[in-house]
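Chains, contacts and geometry: an overview
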Amino acid sequence: MTVEPAVPWGVAPEMSMEMSLVPPPHGPAEQFTAGRRAAAAALAAAGSIERTVPRARDGRPLFPQGFAGSISHTGRLAVAVVAPGAEAVGVDIEPTIITSRVAAFILREQERRLLLAPIGSYTARDLFAAKEAAFKAMNCIGTLGEFLFWQIDLSQSDGALIATYRGESVPLWIRSEADLSFAVAIRR
């Protein structure tokens, strides 16, 4: 499945995305297994011979060399994105409605004013997912040190959503459904 950017950003990046339903009882073990199943399918779609995605000591998935990837899951759905040749990938899916109190905490005043509806085209849940996806893509480069996802700045440039932290930037793609927000960040 190809994910199209919610807003134009040149040409959409080459990536493979696969989803897997989380079986009952929808617990951590089932979510982990569904995430690895989605990752194996995304790796296959991207052309990787290796389909196993072990866990690093810190819990991050270890994708095969040359196939940057990321996994996210809810209690019911797991998704994996693989971008061959990318430096890092971040993906997040969010089913939870973000309250105005939480939005005030995770989004800067300028982000709320310019990116949220009615002026902007995003929901607080979209932007929460965007920051989580960007965090995953940016945390992998190892030069940023430890940071928290809400410290990432979101802005728009030529209609595209951009995440920035300490001078490092990644483009974001968002897809929003009635009950789910999906975000991808790819660091090339």
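Residues numbered from 1 in each chain as written. Predicted model: local features only at pLDDT ≥ 70, side-chain atom pairs only at ≥ 80, totals over all residues. Heavy atoms only, no water.

**A word on unusual backbone geometry**
The peptide bond linking Pro24 to Pro25 adopts the cis configuration, its omega dihedral lying at 10°. Positionally, Pro25 belongs in the loop between strand 1 (16–21) and helix 1 (28–46). With an omega of 15°, the peptide bond running from Ala117 to Pro118 counts as cis. Backbone geometry places Asp158, a non-glycine residue, at a positive phi of 50°. With respect to the element layout, Asp158 can be found in the loop between strand 5 (153–157) and strand 6 (160–165). (Helix = DSSP H or I, 4+ residues; strand = E, 2+ residues; numbered from the N terminus.)

**A closer look at the sheet that holds strand 2 (residues 67–73)**
Spatially, 1-3-2 is the arrangement adopted by the three strands of the open sheet, whose pairing is antiparallel. Two strands in the sheet have a free side with no partner beyond their single neighbour: strand 1 and strand 2. Put simply, the sheet's adjacent strands are angled 15° from each other on average, direction ignored. Both strand 2 and strand 3 (residues 77–84) contribute to a ladder of seven bridges, which runs antiparallel. Across the sheet, residue Ala68 finds its bridge partner in strand 3, namely Ala83. (Pairing = 2+ DSSP bridges. Axes fitted to C-alpha atoms, helices over the stretch in contact; angles between N-to-C directions.)

**Here's the deal with the layout of surface pockets**
The gaps of empty space that remain are located by a probe, the size of a water molecule, rolled over the atoms. Roughly 150 Å³ of volume is contained in the second largest pocket. The wall of the second largest pocket is formed by Pro28, Gln31, Phe32, Arg36, Arg55, Gly59, Pro61, Ile71 and His73. Counting residues per element, the ones that place at least two in the lining of the second largest pocket are helix 1 and strand 2. At four residues, helix 1 tops the list of elements feeding residues into the lining of the second largest pocket. When its residues are assigned to classes, the lining of the second largest pocket shows four nonpolar, three polar and two charged. (1 Å grid on protein atoms, 1.4 Å probe; cavity = no way out; pocket = protein on both sides within 12 Å on 5 of 7 lines; lining within 4 Å. Points joined across faces, edges and corners; volume = space filled by probe spheres on them. Nonpolar A, V, L, I, M, F, W, Y, C, P; charged D, E, K, R; others polar.)

Scope: geometric values only; no functional claims are made or implied.
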